[in-house]
Every structure is written in C-alpha cells, then in structure tokens.
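Chains, contacts and geometry: an overview
Listed below, chain by chain, are the residues.
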Amino acid sequence: TPVALLSSSPSLLAVHPSVPARTVRELLALARAKPDALNYASAGVATNPHIAGELFNFLGKVNLIAIHFKGGGPGLIATMSGEVGVAFTNFAETSGYVKAGRLRALAVSSRTRSSAMPEIPTIGESGLPGYEFVTWHGMLAPRGTPPAVVAAVNAGVRKTMTAPEQARRFSDIGVDVIASTPEAFAAHLKSEYDQNAPIYDTRL
C-alpha cells in the first residue's frame, strides 16, 4: 500500500578525466565512433546504475558495456582509477570527487538541473532529449493497512520532511524532498513501471 513518495535524487553521468568527452553529445559521438569500446560501472545487474546506463544506451542507440561490480562503491573507485571510463553514480557520494577533479561530470540524470550543482546540465538538454532517471525513495505499508492509518502516517511524514531545516539538509546533498500523497505515489509507481519495462525487455 503506497504511503508516500519521500524524495528523489539524480545520478551524475561522470567520466574518468582520460575520456575525451566533455558533453553528452561528445560521449555519444565517441560511443558511435568506437562501438563496444566504452564501458561503464554498474553496481550489479538491475541496480540503479545498470538501469541508468542501459536507458542511456537505449535512447542514444549506443552500446556502452556494463561492467558489474559488487556495489556502487567499488564501481565508483574503478571509475576514478580509470579501470572503467563512465559511471552513472549517486549524486551525494560523487559530487565531492567531481569538485576535486577526480571525475568529470558531464550531466545530471534528472529532467531539471540540481540545485546543489546548477552549473551541470541535464542529460536531456546536453545531447539526449527525453532522458530521465532518478533514484527515489518511498514508504509503503502492508497490503490492507487501514486508510486512516495510511493517512496519519502520510501526514506525519509530510510535516517532518517539509520542515525548512530538514529540507535544506536534503538539498545540500542533492536530494529533492517530495513528500507526496499516497495517490501520487501510486501513480508514480505505475509511471516508473511503464517507463522502464522496455529497458528490462530489451536491455537487461
């Protein structure tokens, strides 16, 4: 039973500094010029980085090769070391390495720019229109939970998460507070399924 869509956070499309691409358009051109030569770090089959990468392949009509690691941390380390060239990584854990020059951020995966790093364009605006992939967090209750209980929990969650200080803390690490209604979360779940079903069918 959906209770609330809590928050969302974009991924960063980042590359090792040795990769000769500074925009999404350049990365797509490089991938087309050298088929099957570029790879990207995945946290494992059907994880968020894997789906984000395969959505990029699907919409961009390219074939970046997924290299599966045992989690996002090892994948991020492999990208910083140059073992792989590309990563679709968690915004909060990667932004510091971008600022330090260990990685080059090409774009964010959300439909709009992140307030935490507004200078970085979206994947859609910098070369791949229609691309959107964000990590989201939701709260669900067991099937059959009484509607009054769902409503009470939802009200408490929304009050807590939209408090100015709490919202600021989330924003500082690139997390957008949503705190939706149960109905909006149910609609979101259906939308996510509809968007990603073709990726599972054709790429995973």
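Here, the structure is the one placed above.
Report on the accompanying structure. (Residues numbered from 1 in each chain as written. Predicted model: local features only at pLDDT ≥ 70, side-chain atom pairs only at ≥ 80, totals over all residues. Heavy atoms only, no water.)

Looking only at helices and strands, one finds seven helices and seven strands in the chain. What you see in the chain, going N to C, is helices and strands ordered as β-α-β-α-β-α-β-α-β-β-α-α-β-α. In summary, the chain has a C-alpha radius of gyration of 18 Å against a globular reference of 17 Å for 204 residues, a match within 12%. The C-alpha extent of the chain, read off along each of the three principal axes, is 55 × 40 × 30 Å. Residues counted as buried form 46% of the 204 residues belonging to the chain. Partitioning the intrachain contacts of the chain with sequence separation of at least 6 by distance along the chain shows that 72% fall at a separation of at least 24. As displayed, the chain offers around 10100 Å² of accessible surface, 58% of which is attributable to carbon and sulfur atoms. Charge-centre separation for the chain: the mean point of 18 positive side chains lies 2 Å from the mean point of 15 negative side chains. (Helix = DSSP H or I, 4+ residues; strand = E, 2+ residues; numbered from the N terminus. Rg over C-alpha atoms; globule rule 2.2 N^0.38 Å. Buried < 20%, exposed > 50% of the residue type's maximum accessible area, 1.4 Å probe, protein only. Contact = heavy atoms within 4.5 Å. Areas by Shrake-Rupley, 256 points an atom, 1.4 Å probe, with all protein chains shown as cover. Lys, Arg positive; Asp, Glu negative; His and termini not counted. Charge placed at Lys NZ, Arg CZ, Asp CG, Glu CD.)

On to the side chain of Ser 42, then. The residue Ser 42 is located in strand S2 (residues 39–42) in this model. At 3.0 Å, the side chain of Ser 42 forms a polar contact with the backbone oxygen of Gly 44. Excluding residues within four positions of it along the chain, Ser 42 makes contact with Thr 47, Pro 49, His 50, Ile 67, His 68, Phe 69 and Gly 71. (Polar contact = N/O pair within 3.5 Å; in protein donor to acceptor, adjacent residues only side chain to side chain.)

Moving on, we come to helix H1 (residues 24–33). Turning to H1, its buried residues number three or more, namely Val 24, Leu 27, Leu 28, Leu 30 and Ala 31. Each buried residue of H1 sits inside an arc of 160° when the element is viewed along its axis, so together they form one side. Exposed side chains of H1 directed beyond 90 degrees from the buried face belong to Arg 25 and Ala 33. (Arc of directions from axis to C-beta.)

Summed over the entire model, instances satisfying the criterion amount to four aromatic pairs. Considering the side-chain rings of Tyr 40 and Phe 88, the 5.7 Å spacing of their centres and the 90° angle between planes classify their relative orientation as edge-to-face. With Tyr 40 in strand S2 and Phe 88 in strand S4 (residues 86–90), this pair connects stretches of sequence that are 48 residues apart. You can call Phe 88 buried: its relative accessible area is 2%. Put simply, the rings of Tyr 40, Phe 56, Phe 88 and Tyr 131 touch in pairs and so form one group of aromatic residues. (Phe/Tyr/Trp six-rings, centres within 6.5 Å; stacked < 30°, edge-to-face > 60°.)

This part is about the pattern of salt bridges. Throughout the structure, instances matching the rule amount to six salt bridges. One salt bridge in this structure joins Arg 113 and Glu 125, with 2.9 Å as the shortest N-O distance. Of the two residues, Arg 113 is situated in the loop between strand S5 (104–108) and strand S6 (134–140) and Glu 125 in the loop between S5 and S6; the sequence distance between them amounts to twelve residues. Between Glu 165 and Arg 168 there is a salt bridge, with the nearest N and O atoms lying 2.7 Å from each other. Of this pair, Glu 165 and Arg 168 both sit in helix H6 (residues 164–172), three residues apart, which is roughly one turn of the helix. The exposure class assigned to Glu 165 is partly exposed, which follows from its relative accessible area of 41%. When salt bridges with common partners are traced through the structure, they connect Glu 165, Arg 168, Arg 169 and Asp 172 into a single cluster. (Salt bridge = Lys/Arg side-chain N within 4 Å of Asp/Glu carboxyl O.)

A few words now on helix H3 (residues 72–81). Within the span of H3, buried status applies to Gly 75, Leu 76, Ala 78, Thr 79 and Met 80. Taken together, the buried residues of H3 touch S2, S4 and helix H4 (91–99). Of the residues trailing H3, Gly 82 is marked for its positive phi of about 90°.

Note that all results are geometric; they support no functional claim without further evidence.
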